[in-house]
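Residue-level structural notes
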Amino acid sequence: MNRRFIEELNITAQCKRYGLSLWQCPQFLFLIMGLIIIGSTLSTYTIGTRYIEDPEIVALIVLILTTILFIIAFIITRSFERLAEANRMKSEFVKIVSHQLRSPITNLSWAIDILMSGEMGKVEEKQTEYLKILKENSSRMIDLVKDLLIVSRIEEGSLMIKREKISIEPIIKKLISRFEPFVLASNVEIKFEAGENLPQVFIDAHQIEIVIENLFDNAIRYIKGEGEIKIKLKQRDKTLYFEIKDTGVGIPKDDQKFIFQKFFRSENAIRQQTQGSGLGLFIAKSIIERFDGQIGFESEENKGSTFWFTLPINQ
Amino acid sequence: MAKTILFIEDELALQKTFGDILRRGGYEMISALDGETGLRLIKEKKPNLILLDLILPKINGFDVLKKTKENPETKEIPVIVLTNLEGVGDLDKVIELGATTYLVKTQYSLEEVVEKIKKALGE
């Protein structure tokens, strides 16, 4: 009990546990509020005793007022605290569940690999069709779990980053060749245009790959039938500018302001039964902002979308 | 003579899928379901390759790796860490401790993992 009490007094540790910055953290705000109240009480008392006849009454009024203020403040912060705790538990729950799901999904996916390889006996054509459905859906589950884990790390503030000086161009080229089979199958043409002597940026290669992969994946996914994807990478003032333009279904105007929200999926995407979790752009925005960059888009329904981001060069 | 691979993993389903596919590839498979048995088998059987999970009962994968690399008799055996832990810190630590490489399970197909195993065995 005693130990818990002492732990509760350690404000920075408490705020870290909720993944909140000091100025958003109930405990810290309560402390500040307390200090302000004490300060104003003392000054009122000083002024009161100097200019009002009966100082004792003034002192009493001030004391009563302060106590009431204190109690109100305490109740407010307590309720905030409960909210913060509920939010932390939700993130924790998502993290644990998605982590626990990874092993069974891997088992499933690898078992399907074995069956499809034909090592365990010849697979009939009709069976292959069903195995493909199983494989595709297990891949979807793996992607979803991966996204959920990244989101829970972002929310907890525990997404580890390894900053190093890297070039973005090779990452884009790698992704283009990885997406090639997918792109050819869906009749989409890709054009990549990179400026000369592009500077390196100080970021985490793995994370930026996640961002570009998400944007790329969206571009391909939302092109229905034939289409074209144009990728541009260039220097713009003191930033590196990346742009991906598609001729896809676009985002309806009313949906545009929600597009970076977690789990949001635009109405036409759902109508056309395009698969997706609604997490990709939320993740992309969180990562880009973490590296002090900016992300945005322009889009017109039935014409296509252009997503861009910038990353600071001199860091 | 067939090369031996020791697979230290507490998931029975993975032991089966992996065991089957590698045995068919002509390897001799030994399995251990916990870290303690794993370490004992490393010393006794001196396998050509160790596939190691990190979260294991009794002795965890980090300690198994550390002890294997500390023992002059077993330190040359290549170790591939096969895990679902994905923290940058964990993976760096594994390489620091002397693992040949690590594979995050959900990111690879079975075929790709087998490819990596062959490479580590110099094939």
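The rules behind these values
Residues numbered from 1 in each chain as written. Chains lettered and ligands numbered in written order. Predicted model: local features only at pLDDT ≥ 70, side-chain atom pairs only at ≥ 80, totals over all residues. Pairing = 2+ DSSP bridges. Helix = DSSP H or I, 4+ residues; strand = E, 2+ residues; numbered from the N terminus. Axes fitted to C-alpha atoms, helices over the stretch in contact; angles between N-to-C directions. Core = buried A, V, L, I, M, F, W, Y, C linked by C-beta atoms within 7 Å. Buried ≥ 20, exposed ≤ 12 C-beta atoms within 10 Å, placed from the backbone. Contact = placed C-beta atoms within 7 Å. pLDDT = per-residue confidence, 0-100. Expected span 1.5 Å × (residues − 1). Arc of directions from axis to C-beta. Nonpolar A, V, L, I, M, F, W, Y, C, P; charged D, E, K, R; others polar.

Some remarks on the sheet that holds strand E4 (residues 227–236) of chain A
Paired through backbone hydrogen bonds, the strands of a sheet run either parallel or antiparallel to each other. Residues and elements named next belong to chain A. What the 5 strands build is an open sheet, ordered E2-E4-E5-E7-E6; its pairing is mixed. Lying at the two open borders of the sheet, with one neighbouring strand each, are strand E2 (188–194) and strand E6 (294–300). Across the sheet, the axes of successive neighbouring strands diverge by a mean angle of 10°, strand direction being ignored.

Quick word on the nonpolar core
Ranked by size, the top nonpolar core spans 40 residues in total, and within it Val-211, Leu-215, Ile-283 and Ala-284 of chain A carry the most contacts. Elements represented by at least two residues in this core include exactly helix H5 (125–156), strand E3 (201–203), helix H7 (205–221), E4, strand E5 (239–246), helix H9 (280–290) and strand E7 (304–312) of chain A. In contact with Ile-283 of chain A, not counting residues within four places along its chain, are Asp-147, Ile-150, Val-151, Ile-154, Ile-210 and Asn-214 of chain A. By size, the runner-up hydrophobic cluster in this structure holds 31 residues, among which are Leu-6, Leu-49, Leu-65 and Leu-82 of chain B.

Some details on the sheet that holds strand E4 (residues 79–83) of chain B
Residue and element names in this part refer to chain B. One open sheet accounts for 5 strands, arranged E2-E1-E3-E4-E5; its pairing is parallel. Since the sheet does not close on itself, it has two edges, and those belong to strand E2 (28–32) and strand E5 (101–104), each with one partner. Shown here is a sheet whose adjacent strand axes are inclined to one another by a mean of 20°, direction ignored. Where helix H1 (residues 12–24) meets the sheet, it contacts strand E1 (4–8) and E2, and its direction lies at approximately 165° from that of E2.

Focus on the confidence of the model for chain B
For chain B, the average pLDDT comes to 87, and 98% of its residues sit at 70 or higher. For this predicted complex, the interface score ipTM comes out at 0.73, while the overall pTM is 0.68.

Observations concerning H1 of chain B
Residue and element names in this part refer to chain B. For H1, with 13 residues, the first-to-last C-alpha span of 18 Å sits near the 18 Å given by 1.5 Å per residue. Of all the residues in H1, the buried ones are Leu-14, Thr-17, Phe-18, Ile-21 and Leu-22. On an axial view of H1, the arc spanned by its buried residues comes to 115°, and they lie on one face. In this structure, H1 carries Leu-12 and Arg-24 as exposed residues pointing more than 90 degrees from its buried face. Note on H1: the residue one or two positions beyond its end, Gly-26, has a positive phi of about 95°.

Focus: the interface of chain A and chain B
Every contact between the two is made by 14 residues of chain A and, on the other side, 16 residues of chain B. Of all elements in the fold, only helix H4 (55–117) and H5 of chain A reach the threshold of two or more residues within the side of chain A that touches chain B. Of the residues forming the side of chain A that touches chain B, the biggest block, 9 residues, is contributed by H4 of chain A. Taken together, the residues of the side of chain A that touches chain B sort by class into 6 nonpolar, 3 polar and 5 charged.

Here's the deal with the environment of Ile-210 of chain A
When you line up the elements, Ile-210 of chain A lands in helix H7. Here the alpha-carbon distance between Ile-210 of chain A and Ala-284 of chain A, two residues 74 residues apart in the chain, equals 7.4 Å.

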